[in-house]
Amino acid sequence: QAWKTAIAQGFLALKKMRIMSRHRTGVLAASVGAAPGCRRHRAIAPYALTLASALVAWSAARCGQWSQGFVSHAGAFGAPSAATGHLSATKLQPLQHWLAGRASAPDHTASGVALGASEGGEVSPVAGSPLPVVLLLHPDEGSPAFVEVHHMGELMEGEAGRPGWAVAAEQLAKRVRWDLGDPPVVDFQVKSLSEFFAGGSTGGYALVLGVDLPQELPAGCSEEALAALAAESPSRLFIGSAKGRAVAPRWRALTRLQGAGAAELEDKGPLGISAMIGGWAAAAKTQADVAELWHRRTAEEAVYAVLDLIDSMVVPVALMRAQKPEPTFETVSRAVDKCQDQFRVCFTTPRCILALSCLSTCGLADQSCSYRCIASYQSEAFTQFSLCALQKQNLLNSQIERPVTPIAAPMPTFRGKPLTADVADSILIGHYDPSVNQNFSWLVTAGSNPAYEQFTLQYQLWYPGKARGSFWYHPTFLVEALDGTNIWRSRDYSVRRDKTTPGIWEFSVTDNGIVSEERWHLLGADDNLNWLVLFYIGAARKAGLAYRGCLVLTRDGSLPAPGAEAEAVAAAVARAGMKMWELEATNNPEVDPANKPPLVTPETAVVSGLLSREPLLA
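Residues numbered from 1 in each chain as written. Predicted model: local features only at pLDDT ≥ 70, side-chain atom pairs only at ≥ 80, totals over all residues. Heavy atoms only, no water.

Please provide a residue-by-residue account of the sheet that holds strand E3 (residues 133-138), values included.
Spatially, 4 strands are ordered E4-E3-E5-E6 in an open sheet, and the strand pairing comes out parallel. For this open sheet the edge positions go to strand E4 (187-192) and strand E6 (236-239), each flanked by a neighbour on one side alone. Ignoring strand direction, the axes of neighbouring strands in this sheet form an average angle of 15°. In this structure, E3 lies alongside E4, joined through 6 bridges in parallel fashion. When the bridges of E4 are listed, Leu-137 appears paired with Lys-191. Against the sheet, helix H10 (residues 281-295) makes contact with strand E5 (207-211) and E6, and its axis sits at roughly 35° relative to E6, the strand it touches most. The strands that helix H11 (residues 299-313) touches are E3, E4, E5 and E6; relative to E5, the one it contacts most, it runs at about 155°. (Pairing = 2+ DSSP bridges. Helix = DSSP H or I, 4+ residues; strand = E, 2+ residues; numbered from the N terminus. Axes fitted to C-alpha atoms, helices over the stretch in contact; angles between N-to-C directions. Contact = heavy atoms within 4.5 Å.)

Listed below in structure tokens is the structure:
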């Protein structure tokens, strides 16, 4: 009982420091949302390193010894005796004292124009003031790095296929506004450099984010205007959209977050002490996270970077806060009490500990890294640990719900007739036909969510189940483990039709102990089933995660043909408010004969009547 109390107290002390609640990166992770269809294998505990340390200590005290195989990971918490494997109480005392001592540590939060501090250090609009204005400032020419990767837009002509900064920034702004609330918590604007200087007032922004700005100013731009920007907009961050795009000296000199300049934000001092003493540790972390997300060169992560910056530096964003749940003494204590066996097994199972340790090294929202850790060290101990502590006992105290935006209406007709639920199911069943060695329905060719298209060879199978009205989704996909080996993984989702609208389904899956619930939309399909476009919105409610994405699938994973076919795909993608260039192409190489996919042929699977263009039977 004493250890249980110490664990919870330490957990809450660190929560007050925001070490836990400000960052999604963490070790206590489960790959949620599964499948390749679940782009979403996401690290689920923002504060897991802290939890892991406390629970390792608890497990050691409870069990009396460490499991062989993870001794090397315990050094930070007091290494066990090499001879006995026992963890002494003396070595745990520094951790206990440090945890308790941090309870009174201040929480530094940046303020912006027309913002006031509320209880707890958060910022909120001052009563009677207009919405804080956040500006994304971009160059007059060129393109952001995320439109230079291999994507669906390459099938299109001109700006529709490879947009310049102006078009890309407007789309980015639309995506950001999806999650700013209704009514929005900030006024998010985008301007080119020329528009910014031509507008007259260049100050008064709560936050300015400049990306890829050149050293030389456009004609007609004045140094006086830059001085006004610096004087009237206290929070300013300037970055490049890729690692190779350095920030010009002019803009680097203007960077200022929580009173710290670019050099200070990048050099926090030994162990981050300078940043902590100076009160800008949170700003330094945010600056690093935002730059890293942009440097991954995906539109999805650029959107996330902007939302994270607004949430951290300007005003709380509800969806972002919901993805940073704050455990309470009650939730931690309950999980430790109810899941003692699962804690003990996990912390005495080398693969479970290795999975947690690996996940702690992943960057913010780096789903590729997170799932590689899970795939490399997947174990029943990890699954049961997540299922009990997170899913059943809601250790994270997560209350998140699925996003409600955008409104993505499914395609209304197919082959000239109103879409029915039976026809929609048959479209998903697609090309499955074992008689011609086609043991899957579709192969993913592109997707908007980087936690999805990272997977190679994503085979999708839909089929009816044995029970009346049941329907299943079985994806099979290839994951590269940390040692370079390729591992096939698969998941099983239950699928239910929407009761009122054909072409909408509810998907549910339990993956590594975490339940994900998703709403899928049929946005478009070719009459000859040459391609299919799907959109999903989902959440892992007990993991504090919400997500969305758009997929393009074909029979063999190849891109649709340019011209009329690509235009039709673009029209379907637009039903979700998205652009073709936001969907990154998936890698679909030749299958290794020595490592073939473990495709299945369920007894209840059927061949779609749509393949022969014959009418469906009632």
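So much for the structure itself; the text now carries on.
Explain helix H17 (residues 380-392) residue by residue, including any values.
Among the residues of H17, those classed as buried are Ala-381, Phe-382, Thr-383, Phe-385, Ser-386, Cys-388, Ala-389, Leu-390 and Gln-391. In the stretch just after H17, Asn-394 is the one whose phi turns positive, near 50°. (Buried < 20%, exposed > 50% of the residue type's maximum accessible area, 1.4 Å probe, protein only.)

I'd like a rundown of the side chain of Glu-301, residues and numbers included.
With respect to the helices and strands, Glu-301 occurs in helix H11. When its relative accessible area of 8% is taken as the criterion, Glu-301 is described as buried. Among the polar contacts listed, one links the side chain of Glu-301 to the side chain of Thr-298, at a separation of 2.8 Å. (Polar contact = N/O pair within 3.5 Å; in protein donor to acceptor, adjacent residues only side chain to side chain.)

Explain a nonpolar patch on the surface to me, and be specific about the residues and the numbers.
There is a patch of nonpolar side chains on the surface, built from Leu-271, Ile-273 and Ile-277 and spanning about 380 Å² of accessible area. Turning to its location among the elements, Ile-273 is positioned in helix H9 (residues 273-278). What makes Ile-273 partly exposed here is its relative accessible area of 42%. (Patch = residues over 30% accessible without salt bridge, like charges linked within 9 Å, V, L, I, M, F, W, Y side chains within 5 Å. Areas by Shrake-Rupley, 256 points an atom, 1.4 Å probe, with all protein chains shown as cover. Salt bridge = Lys/Arg side-chain N within 4 Å of Asp/Glu carboxyl O.)

I'd like to hear about the nonpolar core, residue by residue, with values.
Counting residues in each nonpolar core, the largest one holds 46 residues, and the members touching the most others are Phe-188, Leu-209, Trp-294, Ile-310 and Val-314. Taken together, the elements giving at least two residues each to this core come down to E3, helix H4 (165-178), E4, E5, E6, H10 and H11. The biggest single contributor to this core is H11, with 10 residues. Setting aside its immediate chain neighbours within four residues, Leu-209 contacts Leu-135, Leu-136, Leu-137, Leu-237, Ile-239, Trp-294, Val-306 and Leu-309. (Core = buried A, V, L, I, M, F, W, Y, C linked by side-chain atoms within 4.5 Å.)

Tell me what's going on with the state of the cysteines, and back it up with residues and numbers.
Inspection of every chain in the model, using the stated rule, returns 3 disulfides. Covalently, Cys-346 is tied to Cys-352 through a disulfide, its sulfur atoms 2.0 Å apart. Torsion about the S-S bond of the Cys-346 and Cys-352 cystine: about -80°, corresponding to left-handed handedness. In this pair, the class of Cys-346 matches that of Cys-352, namely buried. Note on cysteine connectivity: Cys-358 is disulfide-linked to Cys-373, with sulfurs 2.0 Å apart. Residues Cys-358 and Cys-373 are joined through a disulfide that is left-handed, its torsion about the S-S bond being -65°. Of this pair, Cys-358 sits in helix H15 (residues 350-359) while Cys-373 is found in helix H16 (residues 367-376), placing the two residues 15 residues apart along the sequence. (Disulfide = S-S within 2.5 Å.)

Can you explain unusual backbone geometry? Please cite residues and give values.
Looking along the chain, the bond that leaves Asp-182 and enters Pro-183 is cis, with omega of 5°. Considering the arrangement of structural elements, one finds Pro-183 in the loop between H4 and E4. The omega torsion across Thr-405 and Pro-406 is -5°, close enough to zero to call that bond cis. Assignment of secondary structure puts Pro-406 in the loop between H17 and strand E7 (413-414). If you check the backbone angles, Arg-297 has positive phi at about 65° while not being a glycine. Residue position: Arg-297 is located in the loop between H10 and H11.

Please give an account of a negative patch on the surface that cites residues and values.
A cluster of acidic side chains, namely Asp-140, Glu-141, Glu-170 and Glu-195, defines a negative patch on the protein surface. With respect to the element layout, Asp-140 can be found in the loop between E3 and H4. Residue Asp-140 is classed as partly exposed on the basis of its relative accessible area, which comes to 39%. (Lys, Arg positive; Asp, Glu negative; His and termini not counted. Charge placed at Lys NZ, Arg CZ, Asp CG, Glu CD.)

Pulling in residues and values, what's your account of empty space enclosed by the protein?
In this structure the tally under the stated criterion is 6 cavities of 30 Å³ or more. Estimates place the volume of the second largest cavity at around 50 Å³. As for the second largest cavity, its lining consists of 13 residues, of which Thr-298, Ala-299, Trp-581, Glu-582 and Glu-584 are closest to the centre. Split by residue class, the lining of the second largest cavity holds 5 nonpolar, 4 polar and 4 charged. (1 Å grid on protein atoms, 1.4 Å probe; cavity = no way out; pocket = protein on both sides within 12 Å on 5 of 7 lines; lining within 4 Å. Points joined across faces, edges and corners; volume = space filled by probe spheres on them. Nonpolar A, V, L, I, M, F, W, Y, C, P; charged D, E, K, R; others polar.)

I'd love a proper account of the packing of aromatic side chains, names of residues and values included.
According to the stated counting rule, one finds 19 aromatic pairs in the structure shown. Note on Phe-440 and Tyr-459: the rings are 4.8 Å apart at their centroids and 70° apart in plane angle, and the pair reads as edge-to-face. Of this pair, Phe-440 sits in the loop between helix H18 (421-429) and strand E9 (442-447) while Tyr-459 sits in strand E10 (residues 456-460), placing them 19 residues apart in sequence. Side by side, Phe-440 and Tyr-459 carry an identical accessibility label, which is buried. Between Tyr-459 and Trp-488, the ring centres sit 6.1 Å apart and the planes meet at 45°, which makes this aromatic pair tilted. Of this pair, Tyr-459 sits in strand E10 while Trp-488 sits in strand E14 (residues 486-490); the two residues are 29 residues apart in sequence, bridging distant segments of the chain. Here Tyr-459 matches Trp-488 in class, with each residue buried. (Phe/Tyr/Trp six-rings, centres within 6.5 Å; stacked < 30°, edge-to-face > 60°.)

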